[in-house]
Amino acid sequence: MLRFKSLGSGSSGNCTVVESMGIAPMRVLIDCGLGLKHLSARLGEAGLQPEDIHAVFITHEHGDHIGCARSLSLRYRIPVWMSHGTHAAIGAPDFDGLLHTARDGKAIDLGGMQITPFTVPHDAREPLQLTCTDGSAKLGILTDLGHATAHVMEHLTACDALLLECNHDTDMLAQSSYPPFLKRRVGGQYGHLSNTAAADIARAVIHGGLKHFVAAHLSAQNNRPALVQELMAEALSCGAHDIVVARPDAGTPWLHI
Ligand SMILES: [Zn+2]
Ligand SMILES: [Zn+2]
């Protein structure tokens, strides 16, 4: 059995804790896009402290994902996984022996939990998103995705829970005060997923075993939680309140799979 909790999601910072539940639980943080003080506080709200985290996986170098990864790792001696490109993009800092290289398709065995990273189209050096499993439950996490590729969809088959970017409403983005270059970047093939593109992914991966759908990385300016819930509920043939929206400052409750 796995449980997971977003500690916050959006352009202000992304961080999700995943725990394999058993006699010796394994806990991993997916991204660390908060300051160390905030991260400690959010972990406290989840009933955890930094010492309870066994591993950190960083998806890519953008500030809302990498955040305090290095200071957390060094202070609490927590091993960190990221791609070679992500490490290079942040200036290849020293992790004092705690850094491990993550690669597309190469499973990371953490003991009690396995992470499988996969390449995604996003405007970073070597971005990876991932699935986690304890051997029975499977969780997919995709917070930054320009568009769905066949490779991405292959990795998302048979997920019991999915945390997926629902970044923007296309019309709200078009009418926003963003400068044209930013509109092109966000809405482009290597930017962020629109609500309708996320709904297409949801429709493609839905199956009887999908227990939770979490809408993540919503744009504060160009989206509304109620709109996302309505669209995703329609795509997944469920009620709007069955769609959990990860909030920037509060994330989600613990969800069990
Ligand atoms: Zn990003
Ligand atoms: Zn992001």
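Scroll up a little and you will see the structure.
This report concerns the structure included in the present document. (Residues numbered from 1 in each chain as written. Chains lettered and ligands numbered in written order. Predicted model: local features only at pLDDT ≥ 70, side-chain atom pairs only at ≥ 80, totals over all residues. Heavy atoms only, no water.)

1. Brief notes about the coordination of the zinc ion (ligand 1)
Part 1 of the argument: Ligation of the zinc ion (ligand 1) by protein atoms is provided by His 60 (NE2), His 62 (ND1), His 122 (NE2) and Asp 144 (OD), these donors lying 2.2 to 2.5 Å from the ion.
Part 2 of the argument: Spacing between the donor residues of the zinc ion (ligand 1) along the chain follows H-x1-H-x59-H-x21-D. (Donors = N, O, S within 2.8 Å, 3.2 Å for Na, K, Ca; no water.)

2. What to know about unusual backbone geometry
Part 1 of the argument: Look at His 217: it is not a glycine, yet its phi comes out positive at around 55°.
Part 2 of the argument: Topologically, His 217 is positioned in the loop between strand E12 (212-216) and helix H9 (225-236).
Part 3 of the argument: We note that Ser 237 has phi near 50°; this positive angle belongs to a residue other than glycine.
Part 4 of the argument: By the element assignment, Ser 237 lies in the loop between H9 and strand E13 (243-245).
Part 5 of the argument: The exposed category is assigned to Ser 237, whose relative accessible area is 68%. (Helix = DSSP H or I, 4+ residues; strand = E, 2+ residues; numbered from the N terminus. Buried < 20%, exposed > 50% of the residue type's maximum accessible area, 1.4 Å probe, protein only.)

3. A closer look at the nonpolar core
Part 1 of the argument: Judged by nonpolar contacts, the single largest core of 28 residues is most densely connected at Val 18, Phe 57, Ile 115 and Leu 139.
Part 2 of the argument: Listed by contribution, the elements that provide at least two residues to this core are strand E1 (2-8), strand E3 (26-30), strand E4 (55-57), strand E9 (128-133), strand E10 (138-142), strand E11 (161-165) and E12.
Part 3 of the argument: With 27 residues, the next largest nonpolar core counts Leu 145, Cys 159, Ala 202 and Ala 233 among its residues. (Core = buried A, V, L, I, M, F, W, Y, C linked by side-chain atoms within 4.5 Å.)

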